[in-house]
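Summary of the model geometry
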Amino acid sequence: MYLPFFLITLFLSGSLGISILRRPEYQTDDYYTYEEIQEFLKGLEKSYSKRVRLTDIGRSYENRKLTTITITNGDGRKDKNVIFIDAGFHAREWLTHTTALKAINELVVNFEENKDLLKNYDWIVLPLVNPDGYTFTRSGEKFTNETIVCNSERDVKCWRKNRQPNDGNCIGTDPNRNFAKGWGEGVTSNDPCNFTFMGTSPFSAPESKAVGKEILSLANSRRGIMYLSFHSAIGNIMYPWSYDSIDAENAEEHIEVAQSAVDAIAKVNSMVSSNYSVIPGYKLYPAGGTSSDFAYDVGFPLSYTVELPDSRGDLVFKFHPPTDLIKELVEETWIGLRAMAKKVIQLYPVKRS
Ligand SMILES: *[C@@H]1O[C@H](CO)[C@@H](O)[C@H](O)[C@H]1NC(C)=O
Ligand SMILES: *[C@@H]1O[C@H](CO)[C@@H](O)[C@H](O)[C@H]1NC(C)=O
Ligand SMILES: *[C@@H]1O[C@H](CO)[C@@H](O)[C@H](O)[C@H]1NC(C)=O
Ligand SMILES: [Zn+2]
């Protein structure tokens, strides 16, 4: 972090100088570490306790917390529909966490501007699914503003999987090949040394298991309407299925919702904005065991994997956008996400029976 003070502390100007309010400030100067993400979430819980609740839904292999933030409008209604978002399945996809934090910040801190998104919906966000892998990618050279071409996982910044040991010398399971839908199908590997290693069984990775449990519980209560998982860096919005060449039954509805993001982003007053393509996952390549297939399979009517862009104009940055670009990239994505959410709320205004 370049910011000297991650939390802005306002002091009582009175005689004692007691700290009365710690207001977490979202910043885009650099990528948040795992610890900074946890601090940011805790700060929000403290400052906005009526509208925010943190839940540890599990632990990573190395025992880091998998913390969701539940965001409400504070009216206490318990049966609202839910939009569930996660990010950071793959360790090197650095833009994804800060994109999730941007959404959290908009919904919590900029609540007045966005309260229409919380009237009949709660949002649950897990900004970092794979904290071990991500922390590993930050363990080498500390300089984050460096564009790298990842040809393999040999560079620590290019690591993709979690950090769970396997039999033999190779580490890591691909948590987005470890879900219980189409497990082992398509582009995935049963070789523990491969960067798409599917694990020893569905949900053998603790991170996938925790996310799967959360998805299942939201689907079973019928509150879960849209699941959206941020990845990078291809620049498309994918809907089911991924594991096989079949279109989701409500493909049209998926396209309609995703297209609202594409249209909203096209209107951004920026020199270059992203032009996402909207495709069924298998059209990228068939891949089984993904979280978005699982969410759709167990009952989320809308389920997406959003691949954030890999470039801006002529600059190709892949997984590690230069820090100068973080701000405009997360702003653009928020515009798209907000448009999708508005469309979802219009299509599913009330709880399904
Ligand atoms: C980050 O890298 C870009 C080039 O990719 C450069 O223009 C910019 O000055 C760098 N910013 C910092 C803070 O080092
Ligand atoms: C890893 O697995 C994928 C998917 O099966 C395969 O296409 C790729 O060749 C494998 N990589 C290596 C280095 O074996
Ligand atoms: C985005 O891509 C689509 C399909 O290639 C194209 O039809 C459309 O004109 C593009 N939109 C913008 C704003 O560039
Ligand atoms: Zn990914």
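First things first, this report covers the structure right here in the doc.

1. What about the overall build of the protein?
- Regarding its fold elements, the protein presents eight helices and twelve strands.
- Computed over its C-alpha atoms, the radius of gyration of the protein comes to 19 Å, within 12% of the 20 Å expected for a compact globule of 353 residues.
- Principal-axis analysis of the C-alpha atoms gives the protein an extent of 65 × 50 × 40 Å.
- Per-residue burial over the protein gives 58% buried out of 353 residues.
- Contacts in the protein between residues at least 24 apart in sequence constitute 75% of all its contacts with a sequence separation of at least 6.

2. A short note on the pairing of strand β6 (residues 121-126)
- Taken across its six residues, β6 has six buried, putting it largely inside the fold.
- Residues Y121, W123 and V125 point to one face of β6 and D122, I124 and L126 to the other, with burial holding for every one of them.
- Sheet topology places strand β4 (residues 65-71) next to β6; three bridges connect them, and they run antiparallel. Residue pairing across strands places I71 opposite W123, the latter belonging to β6.
- Relative to β6, strand β5 (residues 81-87) runs parallel, the two sharing six bridges. Residue pairing in the sheet places F84 in a bridge with I124 of β6.

3. Quick look at the sheet that holds strand β3 (residues 52-59)
- Strands sit in the order β3-β4-β6-β5-β7-β10-β8-β9 across an open sheet of eight strands; the sheet is mixed. The open sheet has two edge strands, β3 and β9 (277-280), and neither has a second partner. With direction set aside, neighbouring strand axes in the sheet form an average angle of 20°.
- Lying over the sheet, helix α5 (residues 206-220) contacts β3, β4, β5, β6 and β7 (224-232), oriented at roughly 165° with respect to β5.

4. Concerning the packing of aromatic side chains
- Summed over the entire model, instances satisfying the criterion amount to 15 aromatic pairs.
- Judged by centre distance (5.5 Å) and plane angle (85°), the rings of W241 and Y243 are edge-to-face. Exposure class is identical for W241 and Y243. Each is buried.
- Ring geometry for W241 versus Y296: centroids 5.0 Å apart, planes at 70°, classification edge-to-face. Here W241 is found in the loop between β8 (236-239) and α6 (251-266), whereas its partner Y296 is found in helix α7 (residues 291-298), with 55 residues between them in sequence. Each member of the pair W241 and Y296 is classed as buried.

5. Comments concerning the state of the cysteines
- If you walk through the whole model with that rule in mind, you get two disulfides.
- Here C150 pairs with C158 through a disulfide, and the sulfurs are 2.1 Å apart. Because the torsion about its S-S bond is -80°, the bridge between C150 and C158 counts as left-handed. Each member of the pair C150 and C158 is classed as buried.
- Numbered by position along the chain, the disulfide-linked cysteines of the protein connect as 1-2, 3-4.

6. Comments concerning the environment of I345
- Take I345: it is sitting in helix α8 (residues 326-347).
- Overall, I345 belongs to the buried group, its relative accessible area being 18%.
- For the pair I345 and V268, spaced 77 residues apart in sequence, the C-alpha separation works out to 22 Å.
- In this structure, I345 is in contact with D116, L117 and Y121, ignoring residues within four places of it in sequence.

7. A look at the site of ligand 2
- Lining the immediate surroundings of ligand 2 are V187, T188, S189, N194 and T196.
- Taking N194, its side chain carries an N or O atom lying 2.4 Å from an oxygen atom of ligand 2.
- The residue makeup of the shell around ligand 2, split by class, is one nonpolar, four polar and no charged.

8. Here we look at the coordination of the zinc ion (ligand 4)
- Protein-derived ligands of the zinc ion (ligand 4) are H90 (ND1), E93 (OE), E93 (OE) and H231 (ND1), with the metal-ligand distances lying across 2.1 to 2.4 Å.
- Viewed at the metal, the four donor atoms of the zinc ion (ligand 4) are separated by angles of 57 to 147°, and the geometry they form is irregular.
- All donor residues of the zinc ion (ligand 4) come from one chain, and their arrangement in sequence is H-x2-E-x137-H. Taken together, the residues H90 in the loop between β5 and α2 (94-108) and H231 in strand β7 connect sequence positions 141 residues apart. Across the pair, exposure class does not vary: H90 and H231 are buried alike.

9. A word on the packing of α5 against α7
- Where α5 contacts α7, the two axes come as close as 9 Å, and the packing angle between them is 25°. As judged from the angle between their axes, α5 and α7 are roughly parallel. α7 is crossed by α5, and the crossing has right-handed handedness. Taken together, the residues of α7 that come into contact with α5 (itself represented by G212, I215, L216 and A219) are S291, F294, A295 and V298.
- Residue composition of the contact of α5 with α7, grouped by class: six nonpolar, two polar and no charged.

10. A few points about the pattern of salt bridges
- Across all of its chains, the model carries 16 salt bridges by this definition.
- Note that R223 is salt-bridged to D122, the shortest N-O span being 3.1 Å. Residue R223 is located in the loop between α5 and β7, and its partner D122 is located in strand β6; the two are separated by 101 residues in the primary sequence. Like R223, the residue D122 is buried in the burial classification.
- Beyond isolated ion pairs, a larger network of salt bridges with shared partners links E62, R64 and D132.

About the cut-offs
Residues numbered from 1 in each chain as written. Chains lettered and ligands numbered in written order. Predicted model: local features only at pLDDT ≥ 70, side-chain atom pairs only at ≥ 80, totals over all residues. Heavy atoms only, no water. Helix = DSSP H or I, 4+ residues; strand = E, 2+ residues; numbered from the N terminus. Rg over C-alpha atoms; globule rule 2.2 N^0.38 Å. Buried < 20%, exposed > 50% of the residue type's maximum accessible area, 1.4 Å probe, protein only. Contact = heavy atoms within 4.5 Å. Pairing = 2+ DSSP bridges. Axes fitted to C-alpha atoms, helices over the stretch in contact; angles between N-to-C directions. Phe/Tyr/Trp six-rings, centres within 6.5 Å; stacked < 30°, edge-to-face > 60°. Disulfide = S-S within 2.5 Å. Near = heavy atom within 4 Å. Polar contact = N/O pair within 3.5 Å; in protein donor to acceptor, adjacent residues only side chain to side chain. Nonpolar A, V, L, I, M, F, W, Y, C, P; charged D, E, K, R; others polar. Donors = N, O, S within 2.8 Å, 3.2 Å for Na, K, Ca; no water. Tetrahedral: all angles 85-135°; square planar, octahedral: opposite > 155°, others 65-115°. Parallel < 35°, antiparallel > 145°, perpendicular 65-115°, else oblique. Left-handed = near helix turned anticlockwise from the far one by under 90°. Salt bridge = Lys/Arg side-chain N within 4 Å of Asp/Glu carboxyl O.

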